[in-house]
Amino acid sequence: MSPVRKAMDPKATRGYRNRNPGNIEHVPANKWQGLADPPSDGRFCRFTSHELGIRALAALLVTYQDRHKLRTPRAIIERWAPKVENDTAAYVAVVARRIGVGPDEAIDLHRHDHLRPLVEAIIHHECAGLSYPTAVIDRALTLAGVPPAPPVTLREVAAITGTGRGAVLVGAAGIATAVAQAAPAIQALGTLAPAVAIAVIVAAVMGVLAWRLRRPA
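About the thresholds
- Residues numbered from 1 in each chain as written.
- Predicted model: local features only at pLDDT ≥ 70, side-chain atom pairs only at ≥ 80, totals over all residues.
- Heavy atoms only, no water.
- Phe/Tyr/Trp six-rings, centres within 6.5 Å; stacked < 30°, edge-to-face > 60°.
- Helix = DSSP H or I, 4+ residues; strand = E, 2+ residues; numbered from the N terminus.
- Buried < 20%, exposed > 50% of the residue type's maximum accessible area, 1.4 Å probe, protein only.
- Lys NZ or Arg CZ within 6 Å of the ring centre and 35° of its normal.
- Expected span 1.5 Å × (residues − 1).
- Axes fitted to C-alpha atoms, helices over the stretch in contact; angles between N-to-C directions.
- Parallel < 35°, antiparallel > 145°, perpendicular 65-115°, else oblique.
- Left-handed = near helix turned anticlockwise from the far one by under 90°.
- Contact = heavy atoms within 4.5 Å.
- Nonpolar A, V, L, I, M, F, W, Y, C, P; charged D, E, K, R; others polar.

Within an unreviewed UniProt entry, the label attached to the protein chain reads Structural protein, and the organism entered is Sediminicoccus rosea.

The structure is reproduced here in structure tokens:
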């Protein structure tokens with residue numbers, strides 16, 4: 001009886017170790033932000049953080065759309081994972097299923113809700129089922145210029161009423177929303193203390209709230 005093959009630990013994969021979960025090949029001409037020293041393991045890029053590795057993956061996918069006009073899971077994956085060394089058809093099927101579209105349906109990679117599941121699907125496929133926390137993916141996509149959309153609930157609260165009660169709800173929701181949206185950018189900056197940046201955001205929102213409360217009904 002042959003021994004049962006143990007599933008690979010996703011954190012033992014080459015992509016995770018290199019902080020390059022898309023397994024982007026190293027090309028000296030491509031000066032990716034956050035490359036480590038040395039920048040390559042001999043074939044694939046090495047990054048200083050997982051966020052910067054995922055940022056590179058996202059940025060490359062956006063380039064596929066903008067420069068090469070690739071707008072479907074099939075077209076994108078056929079370029080990302082050529083048939084010469086991949087089961088590309090199976091890869092396309094898995095990615096399309098995880099995104100929730102057909103293999104030949106158009107997607108817009110400038111939309112966070114389209115780019116994020118594609119990035120997660122590629123990472124899952126490349127790194128033995130690896131899954132990053134939501135905050136890590138969101139920070140990376142914010143660095144790539146495709147941040148999460150603001151919560152719809154804030155607009156809904158703002159529409160409730162123009163009275164003081166409504167203004168208080170808007171102010172509270174606004175603080176929470178601003179802090180949540182700013183968190184990835186704050187962490188990405190590194191040199192700015194998060195408490196200072198959040199205090200500035202809260203002060204600005206509270207100023208708007210105070211102005212709304214002073215307005216006549």
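So much for the structure itself; the text now carries on.
Undergrad: Is there a simple way to explain the packing of aromatic side chains in this structure?
TA: One pair of aromatic rings is described through two measures. These are the centre distance and the angle between the planes. Applying the stated criterion across every chain, the model contains two aromatic pairs. Ring geometry for Y16 versus Y132: centroids 6.3 Å apart, planes at 25°, classification stacked. Of this pair, Y16 sits in helix α1 (residues 14-17) while Y132 is found in the loop between α5 (112-126) and α6 (134-143), placing the two residues 116 residues apart along the sequence. Residue class for Y16 comes out partly exposed when judged on its relative accessible area of 22%. Ring geometry for Y64 against W80: centres 6.1 Å apart, planes inclined by 65°, an arrangement best described as edge-to-face. Here Y64, found in helix α2 (residues 50-66), pairs with W80, found in helix α3 (residues 73-80); they are 16 residues apart in sequence, far enough to count as distant. For the residue pair Y64 and W80, the accessibility class agrees, reading buried in each case. Lying over the aromatic face of Y64, R79 brings its terminal NZ or CZ to 5.3 Å of the ring centre.

Undergrad: Help me out: how do you make sense of α2 in this one?
TA: Within an α-helix, residues lying three or four positions from one another point in the same direction, as the helix has 3.6 residues per turn. In a regular helix each residue adds 1.5 Å, so 17 residues correspond to 24 Å; α2 covers 24 Å between its end C-alpha atoms and thus fits that length. Extensive coverage of α2 is indicated by the burial of 15 of its 17 residues.

Undergrad: What is the right way to read the packing of α2 against α6 from this model?
TA: Helix-helix packing: each pair is described by the crossing angle between the helix axes and the interaxial distance. Direction vectors running N to C along α2 and α6 enclose 55°, while the axes themselves pass 8 Å from each other. Taken together, the axes of α2 and α6 lie oblique to each other. Every pair of crossing elements has a handedness; the one defined by α2 and α6 is right-handed. The segment α2 lies against α6, with E51, L52, I54, R55 and A58 engaging V136, I137, R139, A140, L141 and L143. When the residues that make up the contact of α2 with α6 are grouped by side-chain class, the tally is eight nonpolar, no polar and three charged.

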